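Geometric and topological summary
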Amino acid sequence: SSKPHAYPSLHAEDGREIMRSYVEVAHPEKGDPWRLHEKKWDLTQCVGKNVFLRLVSEPVGYSLGRNFANAQVQLSFFVFDSFRVKGTIHESASGKRQAWLKGDYEKSMDAIATELGDIVFAVRKADRDNHWYANIGHWAGDPERRLFHDGARLCRLDTRTGKRTVLLEDARGGIRDPQVHYDGKKILFSYRPGGSEYYNLYEIGIDGKGMRRITNAAYDDFEPSYLPDGRIVFVSTRCKRWVPCYFTEVATLHSCNADGSGLRMLSSNVEHENAPWPMPDGKILYTRWEYMERSVLHFHHLWTANPDGTQQAVFYGNMHPDYVMIDAKPIPDSRKVACIFVPGHTRNEHEGTLTIVDPRNGPDDKSAIECIGSTQIERDPYPIGNRGFLIAKKHEILIMDYQGRAKSIWRLSAGENKQSFMCQEPRPIAPRQRETCVPSQIDMSKDTGLLMLQDVYEGRNMKGVKPGQIKELMVIEVLPKSLNVSNGPESISSISTFNHERILGTVPVEADG
C-alpha cells in the first residue's frame, strides 16, 4: 500500500531516512498462521557510517477483522524475530543516538510548553457503556439506567506552576465540554446541576465568577462552541429521536444566540452528530453518523456545514468504514485538522488515537491520514500552534508533538483515580482570532428550502451510466425513531432497515443531468 501501517526503515545519525521496506499484510482467517516476512537490504552505500534501524507500527488503520467480546480489534504489529548484519554494531553509536533523541524530545516538549499558560479542563466520571455517544440521558424504556454519573469539577491549571484551581464543583452534578471565548475571559460549558437529569449550556468567567445559564429545558444541550458572529453551536436531544440500533437518545446540530434565544435545529439527521467546531473559513466541522441505506456500524466521519445548517458536505472519510472520526479541530496555518480516530464502532468517551487529516486531495484520499498517537485511549486533542497538541488520557493531561512523543503535565490524585474520575476536554485559556463570518442563507419567512444537484452523472458509483439515461430522481425521507425498544431492526423490518422511510415525490432530470 502507499502508506503501510507496519514497516522497518533505516536512518542516518541525523534522523534522515535512507530506505524503508514496505510490508504487505494479509488479513488472516480463523486458524491461519500469521504471515512473517524476511527483508534483506544492500547497505553498500552506508559502509563506514553509523545507521539505525527503526520499526514503525501504527495502531490505527489496519483491522484484523476479528471480534473479541463483540468489540472489533484494530491494531498493527511488528515481530522482530531475527537480525543479522555483516559489519559492526557500535554500542557507543547507539548511546550517542539515544542521547540525541532524549535532547530532541526535551526540546520539543519545551517548545510546546512555552505556548501554554493556563488551561481549563473538566473532571468527571464515565459510564461503563462502551459506545462513544452513551454519556447523556438514560436507556429507552428504563429511566433508571442512567448514562451519566454524579460528581464533577471545572478546573483551571497553571501549566507553569502546576497549581490547579477549581472554578466549579458539584458532587451530585455533571460538567463537560468547556470552550474558551475569543477574548480569553469567559468559558462556555455544559452543566447538569445536582439533582437534575439534563445538561444545559452555561457560561462562567475564567476566575470562576459570574456564572450564568444560557439554555434551560428538559433536554441535553452539550458540546458547545462559540461562533464568530456571537451565536453558539452545540448538539442537543431536542430533536426527539433515539439511536435506531440502540437504547440511547440522539443529539444533532443546533444553534442559539449568546443568551439562549433564537434556538434553531440545524440538521434533520436521524442519527448522532457530535463535536461541532468552527473552521477558519467559518464552516462548522463536526462528526456525522451516516445511516442512510448503509451499514449501521461503519460510517461516522467528518462533515462540514455552514453555521445556518446549509451546504452540509463530506469533509473526509465517508467512503472508508470502520472508524469514528471525532473531536476534530483545525491546525493553525494549514488546511489540516487534528482529530481522534476511534477504532471500529464503540469506544468509551471518544477514546482513540490522535490522527491528522489533510483534505487537500479530496474526501476519499487514504494517504491523507497521518497517525500521531500511539495508544487507543487518547481524547480531546487541541492543537497548540504548530508545535504539538494538548490531549487528555484517562486520569492525566499530556502534551504531544508531531512524532507522537508525549509528556504528562497533570495527573489526578490517587483518591480521584479511586473514585473513577477522568480528565476531559483540556483547552488553553488565551485570546484567539475569530473565524470568518459566513452570512446566513436562510429566509425564515419561507416554509420551504431549495436543494440543487448540479449533475446526477457526477458521482463515485456512476460507472456505466450514460448521459440521458436518468429521467427522474425519487426523493425519500428517512424517518427518525421517536422511541426504541430494541437494538435490532425487528420492530421495523426482519433483517433490513432500522428506520421507516416515506416517498416525498419525484423530480425530473434535465438532459444535461
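Refer to the structure printed above.
Since this is a predicted model, take the numbers as computed values, not measurements.

Procedures and definitions
Residues numbered from 1 in each chain as written. Predicted model: local features only at pLDDT ≥ 70, side-chain atom pairs only at ≥ 80, totals over all residues. Heavy atoms only, no water. Pairing = 2+ DSSP bridges. Helix = DSSP H or I, 4+ residues; strand = E, 2+ residues; numbered from the N terminus. Axes fitted to C-alpha atoms, helices over the stretch in contact; angles between N-to-C directions. Core = buried A, V, L, I, M, F, W, Y, C linked by side-chain atoms within 4.5 Å. Buried < 20%, exposed > 50% of the residue type's maximum accessible area, 1.4 Å probe, protein only. Contact = heavy atoms within 4.5 Å. Salt bridge = Lys/Arg side-chain N within 4 Å of Asp/Glu carboxyl O.

1. Some words on the sheet that holds strand β30 (residues 406-411)
Sheet strands pair via backbone hydrogen bonds, and the direction of the pair is either parallel or antiparallel. In spatial order, the strands read β27-β28-β29-β30; together these four strands make up an open sheet with antiparallel pairing. Two strands close off the open sheet at either side, each with one partner strand: β27 (379-384) and β30. With strand direction ignored, the average angle separating the axes of adjacent strands in the sheet is 25°. Inspection of the sheet shows strand β29 (residues 396-401) paired to β30 by five bridges, in the antiparallel sense. The residue bridging L398 from the neighbouring strand is S408, located in β30.

2. Focus on the sheet that holds strand β18 (residues 264-265)
What the four strands build is an open sheet, ordered β15-β16-β17-β18; its pairing is antiparallel. At either margin of the open sheet sits one strand with a lone partner, and together these are β15 (221-226) and β18. Direction of pairing for strand β17 (residues 252-256) relative to β18: antiparallel, over a ladder of two bridges. Residue pairing for β18: S255 is matched across the bridge by R264.

3. A few points about the nonpolar core
Formed by 28 residues in total, the largest nonpolar core has its most connected members in V243, C245, W289, Y291, I326, L354 and F389. Elements that contribute at least two residues to this core include exactly β23 (323-330), β24 (337-343), β25 (353-357), β28 (388-393) and β29. With three residues, the top contributor of residues to this core is β24. The residues contacting L354, other than those within four sequence positions of it, are A338, C339, I340, C371, I372, G373, E378, P381, F389, I391 and M400. Within the second largest apolar cluster, 18 residues are counted, among which are L116, V123, W277 and I399.

4. Concerning unusual backbone geometry
Glycine aside, a negative phi is what most residues show, and trans is what most peptide bonds show. Non-glycine residue K240 carries a positive phi angle of around 60°. Secondary-structure assignment places K240 in the loop between β16 (232-236) and β17. Taking the relative accessible area as the measure of exposure, K240 reaches 54% and is therefore exposed.

5. Digging into the pattern of salt bridges
With the rule as written, the count across this model stands at 29 salt bridges. Of the charged contacts, one joins R156 and D118 as a salt bridge, the two residues approaching to 2.7 Å between their closest N and O atoms. With a gap of 38 residues between them, R156 in strand β9 (residues 152-158) and D118 in strand β6 (residues 118-125) connect regions that are remote in the sequence. With a relative accessible area of 22%, R156 lands in the partly exposed category. Overall, D118 belongs to the buried group, its relative accessible area being 13%. Of the charged contacts in the structure, one is a salt bridge between R145 and D127, with a shortest N-O distance of 2.9 Å. With R145 in strand β8 (residues 142-146) and D127 in the loop between β6 and β7 (138-139), the pair connects residues that are 18 residues apart, well separated along the chain. D127 shares its class with R145; the two are buried. Among the ionic contacts, a cluster of salt bridges with common partners joins R347, E351, R379, D380 and K394.

6. Quick notes on the pairing of β9
On a regular strand, one side chain projects to one face of the sheet and the next to the other, so that they alternate. Most of β9 sits inside the fold, with six of its seven residues counted as buried. Sheet topology places β6 next to β9; seven bridges connect them, and they run antiparallel. Opposite R124, over in β9, you have A152 as the bridge partner. Across seven bridges, β9 lies against strand β10 (residues 163-170) in antiparallel orientation. Of the residues in β10, the one forming a bridge with A152 is D170. The loop that links β9 with its antiparallel partner β10 comprises four residues; one of these, G162, has a positive phi angle of about 80°.

Everything listed is a geometric property; what it means functionally is a separate question.
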